[in-house]
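Remarks on the overall topology
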Amino acid sequence: MGGCFSKPKPVELKIEVVLPEKERGKEELSASGKGSPRAYQGNGTARHFHTEERLPAPHPYAGTQDCVEAAVCHVKDLENGQMREVELGWGKVLLVKENGEFHALGHKCPHYGAPLVKGVLSRGRVRCPWHGACFNISTGDLEDFPGLDSLHKFQVKIEKEKVYVWASKQALQLQRRTKVMAKCISPSAGHSGSTNVLIVGAGAAGLVCAETLRQEGFSDRIVLCTLDRHLPYDRPKLSKPTCDPGLALPSLGPRASVAKWNSGCLALSQVGCILQSLDAQPEQLALRPKEFFRAYGIEVLTEAQVVTVDVRNKKVVFKDGFKLEYNKLLLAPGSSPKTLSCKGKEVENVFTLRTPEDANRVVRLARGRNAVVVGAGFLGMEVAAYLTEKAHSVSVVELEETPFRRFLGERVGRALMKMFENNRVKFYMQTEVSELRAQEGKLKEVVLKSSKVVRADVCVVGIGAVPATGFLRQSGISLDSRGFIPVNKMMQTNIPGVFAAGDAVTFPLAWRNNRKVNIPHWQMAHAQGRVAAQNMLAQEAEISTVPYLWTAMFGKSLRYAGYGEGFDDVIIQGDLEELKFVAFYTKGDEVIAVASMNYDPIVSKVAEVLASGRAIRKREVELFLLHSKYVCPVLPVDRSEFSPPQPRACP
C-alpha cells in the first residue's frame with residue numbers, strides 16, 4: 001500500500017449552511033476517545049497541528065495600498081433581480097441587486113471559469129450557467145456543486161446615489177476562495193492503527209466529505225484511501241475537452257505552494273486553459289495540490305485496496321494486511337468499468353478509460369492510426385470526438401439504433417450522431433463486438449456480429465460500469481441485487497456510523513417522490529459527500545440537490561438537469577440541425593428533465609425551479625413555447641410567467 005505521495009416572483013430558494021456546535025461535533029466524532037495517531041508527515045518529519053495555528057486566510061482589505069475603490073454605477077442603473085459585470089481597473093466584479101441591496105462578488109465560477117453574469121439569480125444565490133454550481137450572494141460561499149471553492153465577496157457602499165465597490169487588487173485577479181478550515185490537532189505517535197474518520201474512495205464524494213469536516217471545525221484524524229496512485233483528480237477531464245471559451249483549470253502545477261493556493265495568490269488564468277482531455281497529465285487534473293492535504297491534515301493512502309470491512313469491530317483490512325480501526329466510515333468506492341467478454345478480449349491495446357495513464361496511452365496509440373470506440377454513451381462519444389483530430393480513423397460500435405437514445409431520446413440522438421458523421425466518425429449501430437483479432441499480440445481488427453470487420457490499432461470500451469462493492473458482500477452492510485449500497489436521505493447505510501456516497505449508492509431523490517435512484521454524476525457525488533460529512537457531525541442534513549451534468553463534443557456543450565429515466569415524451573424548441581435547442585423530457589404531465597445546446601442559461605433556470613420543489617407541468621411548457629416569438633426563450637422561474645409572454649429580442 002502506498003503512502004500519501006507514493007509513486008504509485010422568483011423562486012425563493014436558499015440553502016442554509018448550519019455551523020455545528022463545537023462541543024457537539026467533538027462528542028459525536030470523538031466518542032470512542034480515539035485520537036488521530038498518524039499525523040501528516042512532510043519531508044519525513046511528523047508534525048503536530050495546534051489550535052493556535054491559524055489558516056492563511058487573508059483579509060481582502062488588509063492594506064489600503066493593495067485595494068482599489070471605484071464608482072461602478074448609479075443606484076438606479078440596476079433593477080432588483082439584475083446582475084452586471086463591472087470593471088474596477090484591476091479586474092471585474094459581479095454586481096448583484098436584490099431586495100434593494102447591492103452585492104459584489106467574483107465574476108467567474110471557480111469550477112471552470114464560467115461568467116456568472118450569464119447565470120441565474122434566484123433569491124439569495126446565483127447559479128452557474130455551465131454546470132449548475134450555486135453561490136450565496138451575501139457571502140460568496142458555495143452552496144451547491146460542482147466545484148470545491150467559493151467566490152470572493154467585496155465591500156459595497158452607496159454615496160450620493162452612486163454604487164462604490166472596494167476590493168483588494170489581489171482578490172480581483174482570482175476566481176476562487178477556499179473556505180477556512182480546521183487543522184488536525186490529534187497526536188501522531190503510537191496509534192497508527194486507528195482513525196476517527198475513514199473514507200474509502202478519494203473521488204469527488206470522498207474529497208468533499210473530508211473538506212466539509214474541516215470546514216465545519218472537525219480537527220481529529222481523517223484518512224482517505226484510494227486504489228489510484230494519484231491524489232484526488234478531476235476525472236471528467238479524462239474525456240471532456242475544451243467546450244467553452246475561457247475554460248480554465250482550477251488546479252495547480254506541482255511547484256505551487258499551499259500558501260499561494262490558500263491565500264488565493266494564483267488566478268485561474270495563471271494555471272492554464274483546458275486544451276486537452278485524454279492527454280492531460282495527472283498534475284493538470286489534480287483537484288488540490290499536495291501541500292493542501294499536508295496543511296489540513298487530510299491523510300491520503302494511495303494504491304490502497306480495502307478487502308474487508310468489519311462493522312462489528314469498526315475495522316477495515318487492506319490487501320497488504322494493514323488494519324485500520326475507525327469511528328465513522330464513508331464508503332465512496334465508485335464503480336468499475338464493464339469489459340468485453342468476446343473472443344480475443346485479452347489482446348493488447350484494448351482499454352477502459354479509468355486513469356490518466358489509460359487516457360494517455362489511448363492518445364499515443366491512436367495518433368495517425370485506427371481507433372474503435374465500443375459504446376455510444378457519454379464517455380464513448382467524448383473519446384470519439386477527441387480522437388477525430390488525432391487518429392487516422394474513428395469508428396463507434398453501439399447496440400442501440402442511435403447514440404444517447406435512452407438518455408436524450410431518438411431525435412436529439414440522431415442530431416448528435418449527424419454532428420459526429422460530419423466530423424469523419426463512422427458508426428456501426430445495432431451490433432456488438434464478436435471478436436478482437438491480434439497480430440503479434442496487438443489489436444489489429446474488430447469483428448462485429450453483423451460480420452463487418454473494422455481495422456483497429458486501439459480500442460476504447462465504454463459500455464457502462466458496475467458498483468465497486470464486492471469487498472462489502474460479507475460485511476453486513478446492505479447491498480441491493482445490482483450491488484449498489486442503499487442509503488437514506490442522510491447518506492446513512494443500514495449500519496450506524498457507516499455512510500456511503502457517489503456512484504455506488506442508491507438514494508431517495510426528493511423531487512421525484514423519494515424514488516430510489518442511482519445517479520453517477522460528478523456533481524451529485526460532491527453533494528452526497530457534503531451531506532455525509534454533515535451527518536457525521538449530527539447536523540441532520542438531507543440530500544436535496546437537482547442532478548446536473550454536462551458533456552462537450554467538437555467545441556459544443558450539452559447541459560442536462562433532472563432525472564429523465566422513463567420519459568415518455570420530448571418537447572423540443574429550437575433547431576436540432578443547427579444544434580441550438582432545448583429539449584424538455586416529460587413523464588405523464590410532468591417535466592422530469594431538460595437538455596440544451598446553445599440555449600444557456602435555460603438548464604440552470606429549470607434546475608432552480610426543480611430545486612424549489614415545484615413541478616413543471618407539460619402543458620405549461622407547451623403553452624409557453626407556443627407563444628414564444630423570440631428565438632431564444634428563457635423558461636421563467638415564476639409560475640405566473642408561464643402565461644404567454646410578449647415578444648422580445650434574444651439577449
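Residues numbered from 1 in each chain as written. Predicted model: local features only at pLDDT ≥ 70, side-chain atom pairs only at ≥ 80, totals over all residues. Heavy atoms only, no water.

Focus on the confidence of the model for the protein
Low-pLDDT stretches of the model should not have their predicted coordinates read in fine detail. Here is the rule we go by: Values of pLDDT, which run from 0 to 100, indicate the predictor's confidence residue by residue. Whether two residues touch is decided by their heavy atoms; if any such pair falls within 4.5 Å, the residues are in contact.
Residues with a pLDDT of 70 or more make up 80% of the protein, whose mean pLDDT is 84. Note that residues 30-62 has pLDDT below 50 and, in this model, 89 contacts with residues that lie over four places away or in other chains. When the criterion is pLDDT under 50, residues 242-275 qualifies, and its contacts beyond four places in sequence or with other chains add up to 89 contacts.

Structural notes on the packing of helix H3 (residues 204-215) against helix H11 (residues 522-536)
So the rule is basically this: For every element, the axis is a line fit to its C-alpha atoms; helices are fit only across the contacting stretch, and the angle between N-to-C directions ranges from 0 to 180 degrees. Secondary structure elements are defined from DSSP: runs of H or I of at least 4 residues count as helices, runs of E of at least 2 residues count as strands, and each element is numbered from the N terminus. By definition, any crossing whose near helix is turned counterclockwise from its far helix by less than a right angle is left-handed, and any crossing with a clockwise turn is right-handed.
Where H3 meets H11, the axes come as close as 7 Å, and the angle between the chain directions of the two elements is 40°. Both H3 and H11 take part in a crossing whose hand is right-handed. Counted together, Ala204, Ala205, Val208, Cys209, Thr212 and Leu213 of H3 and Trp522, Ala525, His526, Gly529, Arg530, Ala533, Gln534 and Met536 of H11 form the full contact between these two elements.

A closer look at unusual backbone geometry
Here is the rule we go by: Exposure classes here rest on a 1.4 Å probe applied to the protein chains alone. A residue is buried below 20% of its type maximum, exposed above 50%, and partly exposed in between.
Geometrically, the link from phenylalanine 145 to proline 146 is a cis peptide bond, its omega value of 20° lying close to zero. With respect to the helices and strands, proline 146 occurs in the loop between strand S10 (142-144) and strand S11 (153-159). Between aspartate 600 and the following residue, proline 601, the backbone shows a cis peptide bond with an omega angle of 5°. As for its position among the elements, proline 601 is in the loop between strand S38 (590-597) and helix H12 (602-611). Here the phi dihedral of glutamate 161 falls at roughly 70°; this positive angle occurs in a residue that is not glycine. Secondary-structure assignment places glutamate 161 in the loop between S11 and strand S12 (162-168). Its relative accessible area of 42% is what places glutamate 161 among the partly exposed residues. Despite not being glycine, asparagine 349 shows a phi value in the positive range, around 70°. As for its position among the elements, asparagine 349 is in the loop between strand S20 (335-337) and strand S21 (350-352). Using a relative accessible area of 10% as the deciding quantity, one classes asparagine 349 as buried.

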